[in-house]
2 protein chains.
Amino acid sequence: MEQVLSTNNLVISIDAMGGDNSPRIVIEGLALAAKKNPDARFILFGDEAKVMPILNQFPALKNVCEFRHATEVVHNEDKPSQVIRNRNTSMYMAIDAVRKGDAQAIVSAGNTGALMAISKMVLKTIQKIHRPAIVSIMPHRHGKYVMLDLGANTECNAINLAEFAIMGDILARHALGVEKPRIALLNIGTEEMKGREEIHQAAHMIKNSRMSLDYRGYIEPHEIPDGVADVIVADGFTGNIALKSIEGTARLVVRLLKDAVGKSFFAKIGMPFMLGVMLKVKKTMDPRLYNGAMLVGLNGLTVKSHGGTDALGYSVAVNNAIMLVRQNFVATIREEVEKVDLDELSQEAFYELY
Amino acid sequence: MEQVLSTNNLVISIDAMGGDNSPRIVIEGLALAAKKNPDARFILFGDEAKVMPILNQFPALKNVCEFRHATEVVHNEDKPSQVIRNRNTSMYMAIDAVRKGDAQAIVSAGNTGALMAISKMVLKTIQKIHRPAIVSIMPHRHGKYVMLDLGANTECNAINLAEFAIMGDILARHALGVEKPRIALLNIGTEEMKGREEIHQAAHMIKNSRMSLDYRGYIEPHEIPDGVADVIVADGFTGNIALKSIEGTARLVVRLLKDAVGKSFFAKIGMPFMLGVMLKVKKTMDPRLYNGAMLVGLNGLTVKSHGGTDALGYSVAVNNAIMLVRQNFVATIREEVEKVDLDELSQEAFYELY
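Residues numbered from 1 in each chain as written. Chains lettered and ligands numbered in written order. Predicted model: local features only at pLDDT ≥ 70, side-chain atom pairs only at ≥ 80, totals over all residues.

A. Layout of the overall build of chain A. Check the secondary structure of chain A and you find 14 helices and 11 strands. Looking at chain A as a whole, 53% of its 354 residues qualify as buried. Considering only contacts within chain A whose residues lie at least 6 apart along the sequence, 72% involve residues at least 24 apart. (Helix = DSSP H or I, 4+ residues; strand = E, 2+ residues; numbered from the N terminus. Buried ≥ 20, exposed ≤ 12 C-beta atoms within 10 Å, placed from the backbone. Contact = placed C-beta atoms within 7 Å.)

The structure is reproduced here in structure tokens:
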């Protein structure tokens, strides 16, 4: 590894034990990502007896990996308050590798609450940011958008939401390449007084900030697919509900199509002609291609892969991590937030409101 | 009308002015509903100059309608606090017809907040119920489920959620014909401590109630299409977010398919064979066929049609109202809630919790 680190700076730390079918899916996915990013190196954390037999089946990957044994594992039912005290889990060790500078990002398919808690404790929140958020890049009709928070913060106040807008703006500029991202707050109506109080306050803050964010008002969930916003801001509970509703419905429609084709003789004749179209739509909506939620607002990049994804999905999460490391994403967020006077923003806004 | 009322008991009150393309869509939809329900009679409230020219084009409908002139209209931007004071709007008059016993249900495609506020004030909430809720019947893979609240109550406490579970249970038995409805609370995880505090408390109340509800725990939005619950309970903000996310995604997938077919020569050849399948899926997901949300918990039935629906969608809302009147739905809710000791239930549950 010494040699690897000296010739190359792009190192990703991997929690090999997180997710439903770990470490197999993790290693298979990593092999795909390594092929796509020949300059990337990996440090794998996990149970030697379980990881090594599989890693040995991928000699090309093994060549760009260092393995570090972890005696323990974070389980899905473990509480964040417990896991932050255990430094011997593969998840803790993988995150700690970023703090120590051994790696620039960490990817895990494990317990989201634990991943956020350990990341916050070990990597620390960027100064001025009150709450880190979980962000994903998602598809709409004409391109992509970022949505946050997707579940890190069950309850949010107006300041938290305004901070999410600022971080989302930066992410959309750097990860989507949008020059002036259009920002919207997720709500149940577009009229000013619709929805919850903290959303009204956040709207006021974002509108009146000196940062000249391109604030477009409230967005209702059914408008999201039209691509009218590049950044969609919500508290973690609402964002998670919207995300999972979108995922579930996309899957339902695909299943209904499959079921119906299976039962129809005519459809089976037409199917070969339609295959291209079906694949195109399936690809646009395929959750695996949008795998890899980012924990932003931390001094280090943590990427969360879906626990139930397959090798392709896992590789997308790793590719995302690599892309953001190449763009020096964490340093950019830190620099830009540095320029913003968040405290003043919120004091002013509250002063005006009351 | 006197004659109509004396020969028939099934009378629906109609706010002819609500919705995006009223009164045309309303009258066209009503004509469809009247054809399907030859024993139903209608009282139309609206602006005579706008309603009568259109109604005159539908002589069969006109035969089973009484028209009552309303000088004013509730607009989409009107605040509930204002509209409840104006007794001259078509919406107010249409609801008041149910209070007076002229009709058994009222259908409107107008401003939801206003409809709820006037309905609450005029029809009054059923004794023991703290908050009425908006309910819809929705499709899953193997059938239908009811979901509430869809937007009446932006903030809810545990007692409100427990009451929604009880009303949803009754609705699922009577409108879906499920003998023992499976009830689930919408949440962002299935573990006991996931999500918000009021959800945990509601779970405790529902589980420990003496009503022997078939409580199945938390449900995440992506599990809804699998049909694992017949009643899904949420606060109005969360329910509305989930509902609109589902609607938006279903529409996105259909549009992506259309766009892709339009661009593909091969797909156009295959399309005639696939038409049946496409139509079947479209029909399963068609929001028009699930139009007509019910306001439950009131001494009278108010049905809200989507403001942007077409004649077919509007007729479905009216058909829903007629179906529930035939089943004596309001009296059933009142009787069943009468049997439940809601106050005791909540006191007990809170006592156990703290």
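That was the structure; now back to the text.
B. Geometry of the sheet that holds strand S8 (residues 214–219) of chain B. All names here are of chain B. Strand order in the open sheet formed by 11 strands is S3-S2-S1-S4-S11-S10-S5-S6-S9-S7-S8, with mixed pairing between adjacent strands. Two strands bound the open sheet, and with one partner strand each, they are strand S3 (65–69) and S8. On average, each strand axis in the sheet is inclined to that of its neighbour by 25 degrees, with strand direction left out of account. As judged from the six bridges shared by strand S5 (residues 133–140) and strand S6 (residues 143–148), these two strands associate in the antiparallel manner. Bridging from a neighbouring strand, Met138 pairs with Tyr145 of S6. (Pairing = 2+ DSSP bridges. Axes fitted to C-alpha atoms, helices over the stretch in contact; angles between N-to-C directions.)

C. The arrangement of the sheet that holds strand S2 (residues 41–46) of chain A in detail. Residue and element names in this part refer to chain A. Across the sheet, which stays open at both edges, the 11 strands sit in the order S3-S2-S1-S4-S11-S10-S5-S6-S9-S7-S8 with mixed pairing between neighbours. Each having just a single partner strand, strand S3 (65–69) and strand S8 (214–219) make up the two edges of the open sheet. Each neighbouring strand pair of the sheet contributes to a mean axis angle of 25 degrees, computed without reference to strand direction. As paired elements, S2 and S3 share five bridges and run parallel to each other. In the strand pairing of S3, Gly46 is matched with His69.

D. Examining the domain arrangement of chain A more closely. Residue and element names in this part refer to chain A. Partitioning chain A into domains gives domain 1 (1–125 + 297–328) and domain 2 (130–290). Relative to domain 2, the C-alpha centre of domain 1 lies at a distance of 26 Å. Each side of the interface is counted separately: domain 1 has 14 residues, and domain 2 has 11 residues. At the level of elements, helix H7 (112–123) and helix H12 (311–326) are the ones that each hand at least two residues to the side of domain 1 that touches domain 2. Per element, the largest residue contribution to the side of domain 1 that touches domain 2 is four residues, and it comes from H12. Grouping the amino acids of the side of domain 1 that touches domain 2 by side-chain chemistry returns five nonpolar, six polar and three charged. (Domains from an automatic or database assignment. Nonpolar A, V, L, I, M, F, W, Y, C, P; charged D, E, K, R; others polar.)

E. Focus on unusual backbone geometry. All names here are of chain A. The amide bond that connects Ser22 to the next residue, Pro23, takes the cis arrangement and shows omega of 0 degrees. Along the polypeptide, Pro23 turns up in the loop between strand S1 (11–15) and helix H2 (24–36). With a phi angle near 90 degrees, Lys128 is a residue other than glycine that sits in the positive phi range. Following the sequence through the fold, Lys128 ends up in the loop between H7 and strand S5 (133–140). Looking at Lys128, the number of C-beta atoms within 10 Å reads 15, which means it is partly exposed. In this structure, Asn328 is a non-glycine residue whose phi angle is positive, near 55 degrees. The residue Asn328 is located in the loop between H12 and helix H13 (329–339) in this model. For Asn328, a count of 13 C-beta atoms within 10 Å corresponds to the partly exposed category.

F. Up close: the packing of helix H6 (residues 90–99) of chain A against H7 of chain A. All names here are of chain A. Look at H6 against H7: their axes get within 10 Å of each other, and the N-to-C directions meet at 35 degrees. For the crossing formed where H6 meets H7, the hand is right-handed. Along its contact with H6, which presents Met91, Tyr92, Ile95, Asp96, Val98 and Arg99, the element H7 presents Ala114, Leu115, Ile118, Ser119, Val122 and Leu123. Classifying every residue of the contact of H6 with H7 by side-chain character gives nine nonpolar, one polar and two charged. (Left-handed = near helix turned anticlockwise from the far one by under 90°.)

G. Just the environment of Arg131 of chain B, in detail. All names here are of chain B. Secondary-structure assignment places Arg131 in the loop between helix H7 (112–123) and S5. We classify Arg131 as partly exposed; it has 19 C-beta atoms within 10 Å. C-alpha of Arg131 to C-alpha of Cys156: the two residues are 25 residues apart in sequence and 9.1 Å apart in space. Among residues more than four places away in sequence, those in contact with Arg131 are Asn153, Asn160, Glu163 and Gly297.

H. How the structure looks around the environment of Lys258 of chain B. Within the fold, Lys258 of chain B resides in helix H10 (residues 236–263). Taking the number of C-beta atoms within 10 Å as the measure of exposure, Lys258 of chain B has 13 and is therefore partly exposed.

I. Representation of the pairing of S1 of chain A in the model. Residues and elements named next belong to chain A. In terms of residue burial, S1 counts as a mostly covered element, since five of its five residues are buried. Burial along S1 is two-sided: Val11, Ser13 and Asp15 and Ile12 and Ile14, pointing in opposite directions, are all buried. Regarding the hand of the β-α-β motif, the stretch spanning S1, H2 and S2 is right-handed. The sheet contact formed by S1 and strand S4 (residues 105–108) spans four bridges and is parallel. Residue pairing across strands places Ile14 opposite Val107, the latter belonging to S4. (Right-handed = clockwise from strand over helix to strand, strands pointing away.)

J. Geometry of the pairing of strand S4 (residues 105–108) of chain B. Residue and element names in this part refer to chain B. The alternating pattern of S4 places Ala105 and Val107 on one face and Ile106 and Ser108 on the opposite face, and all of these are buried. One ladder, built from four bridges, connects S4 with strand S11 (residues 301–304); its direction is parallel. Across the sheet, residue Val107 finds its bridge partner in S11, namely Val303.

K. Region of interest: the confidence of the model for chain A. All names here are of chain A. Per-residue confidence for chain A gives a mean pLDDT of 88, with 88% of residues at or over 70. Note on residues 1–7: pLDDT is under 50 here. Beyond four places in sequence and across chains, it has four contacts. With pLDDT under 50 throughout, residues 350–354 is counted as low confidence; its partners more than four residues away or in other chains account for three contacts. Taken together, the chains of this predicted complex give a pTM of 0.85 and an interface ipTM of 0.83. (pLDDT = per-residue confidence, 0-100.)

L. Structural detail: helix H13 (residues 329–339) of chain B. Residue and element names in this part refer to chain B. The complete set of buried residues in H13 reads Phe329, Val330 and Ile333. For H13, the buried positions fall inside an angular range of 100 degrees around the axis, keeping them on one side. Turned more than 90 degrees from where H13 packs its buried face, Ala331, Glu335, Glu338 and Lys339 sit exposed. Contacts made by the buried residues of H13 are with helix H8 (158–176), strand S10 (293–296), S11 and helix H12 (311–326). (Arc of directions from axis to C-beta.)

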